[in-house]
Amino acid sequence: MTVNDDTAEQCSAFVLQRNSLDGHVSPSHYTGRFAPSPTGPLHFGSLITAVASYCDAKSQQGKWFVRIEDTDIPRIYPDSETHILNSLDAFGFEPDDEIIFQRQRLSIYEDVIEQLKQKNLVYACQCTRKMLGSNAIYQGTCRNLALDFNNQAIRVKVSDECICFNDRLQGRHCSNLQHDLGDFVLKRRDGIINYQLAVVVDDYLQGITHVVRGADLLDNTQRQIWLGQVLGYPRLSYMHLPLAMNAHGQKLSKQNLAQALDLKQAPLLLAQVIEALHQAPVELDTASNMLKQAVTQWNTHQIPHQTELIGTFL
């Protein structure tokens, strides 16, 4: 949803109003997180995000939390949560609070939806994917129908205004959600809470100030900023990392059958991640000691300012 300079210039007034917290949180109040989904085991791309988010937080004397984003219960892959937790131990990560699981917090998200209902900021939608076809921009078909909320999707209303943010790696991004996306879903017809809602609510409740994640989530950011805005939440700082790609030019992902992390090779894999992020080399040692050294040498200016890493990864 990146727009050209002309559109970005039109958004400048909005940016001046909303950018006061964009990347300017005091280091002493830095709180970051790693939030994997248990739709498969962690892979090398996941490890890049974990290392970068951990080092960025710890290098600024901040806190680092782990959150398992498992609201899409039917897509949970057997034993993937166990692999995630074992991976954290094997690579020496030390979360600063208990790990939370979103599927245990569904009532919280329902309460937030209820708040939005009371403010007339959401509505029920009966449109199916088949009805919408290939049109990626929702035209507001159900916005004024006043449908009953039972057994329907729930969409949040967006306005005709620009949302802009300055990503620490990827630069300035702007989007007018009404023109580029339309009202988006917070809860599916089958009752599943959408990622966009859960991540915004939990970032707020956990006191997250800095989000470090893959560039594949870059276009989600304006939606999350908008939702946080209507809920009265503070603006976060974002850094979207370049993606590790496979031999077919696809991002490493569970859908593309990326290899699960070999926990017996943790030190070697950590060294590869640090090299991929263009950080200073660390001595081959236990994973925990290597991670501590990586924190002391962490330099975000060295990370490639692009959406894909050069090279092929497994």
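Going by the structure above, here's the rest.
Residues numbered from 1 in each chain as written. Predicted model: local features only at pLDDT ≥ 70, side-chain atom pairs only at ≥ 80, totals over all residues. Heavy atoms only, no water.

Q: I tried to follow the packing of helix H10 (residues 266-276) against helix H11 (residues 287-296) on my own but got confused; where do I start?
A: Close contact between H10 and H11 brings their axes to 9 Å; oriented N to C, the two are set at 20°. Taken together, the axes of H10 and H11 are roughly parallel relative to one another. When you trace H10 past H11, the crossing you get is right-handed. Every residue of H11 that contacts H10 at Ala 266, Pro 267, Leu 270, Ala 271 and Ile 274 is listed here: Ala 287, Met 290, Leu 291 and Ala 294. (Axes fitted to C-alpha atoms, helices over the stretch in contact; angles between N-to-C directions. Helix = DSSP H or I, 4+ residues; strand = E, 2+ residues; numbered from the N terminus. Parallel < 35°, antiparallel > 145°, perpendicular 65-115°, else oblique. Left-handed = near helix turned anticlockwise from the far one by under 90°. Contact = heavy atoms within 4.5 Å.)

Q: In this structure, what is going on with the sheet that holds strand S2 (residues 63-68)? I would like to understand it.
A: Sheet architecture is open: three strands sit in the order S1-S2-S3, paired in parallel fashion. Strand pairing shows two members of the sheet lacking a second neighbour, strand S1 (31-34) and strand S3 (100-101), which therefore form its edges. Pairing between S1 and S2: four bridges, direction parallel. When the sheet's bridge partners are listed, Phe 34 is paired in S2 with Val 66. The strands touched by helix H3 (residues 44-58) within the sheet are S1 and S2, with S2 carrying the most contacts at an inclination of about 150°. Most of the contacts of helix H4 (residues 80-90) go to S2, to which it runs at about 160°, and overall it touches S1, S2 and S3. (Pairing = 2+ DSSP bridges.)

Q: Explain the packing of helix H8 (residues 195-205) against helix H9 (residues 221-231) to me, please; I cannot follow it from the model alone.
A: Angle between the axes and distance between the axes are the two parameters that describe a pair of packed helices. One way to put it is that H8 packs onto H9 with a least axis distance of 10 Å and a crossing angle of 60°. Accordingly, the angle class assigned to the pair H8 and H9 is oblique. Of the two possible hands of crossing, H8 and H9 adopt the one that is right-handed. Packed against H8, whose contacting residues are Tyr 195, Gln 196, Leu 197, Val 199 and Val 200, the element H9 presents Arg 223, Gln 224, Leu 227, Gly 228 and Leu 231 at the interface. Of the residues that constitute the contact of H8 with H9, the class distribution is six nonpolar, three polar and one charged. (Nonpolar A, V, L, I, M, F, W, Y, C, P; charged D, E, K, R; others polar.)

Q: Looking at this structure, I do not really get the environment of Ile 100. What am I missing?
A: As for its position among the elements, Ile 100 is in strand S3. Ile 100 sits 34 residues away from Val 66 along the chain, and the two C-alpha atoms are 7.0 Å apart. Beyond its immediate stretch of four places on either side in the chain, Ile 100 contacts Val 66, Arg 67, Ile 68, Arg 105, Asp 202 and Gln 206.

Q: Whenever I open this one, the environment of Asp 56 confuses me. Can you help?
A: Within the fold, Asp 56 resides in helix H3. Placed 26 residues apart in sequence, Asp 56 and Tyr 30 show a C-alpha to C-alpha distance of 9.2 Å.

Q: Just checking my understanding: could you explain the pairing of strand S7 (residues 171-176) for this structure?
A: Note on strand geometry: in a regular strand, side chains alternate between the two faces of the sheet. With six bridges connecting them, strand S6 (residues 162-167) and S7 associate as antiparallel partners. Across the sheet, residue Cys 162 finds its bridge partner in S7, namely Asn 176.

Q: What should I look at first to understand the pairing of strand S4 (residues 122-125) in this one?
A: Alternating residues of S4 divide into Val 122 and Ala 124 and Tyr 123 and Cys 125, and every residue in both groups is buried. Direction of pairing for S4 relative to strand S5 (residues 153-156): antiparallel, over a ladder of four bridges. Across the sheet, Ala 124 pairs through a bridge with Ile 154, a residue of S5. (Buried < 20%, exposed > 50% of the residue type's maximum accessible area, 1.4 Å probe, protein only.)

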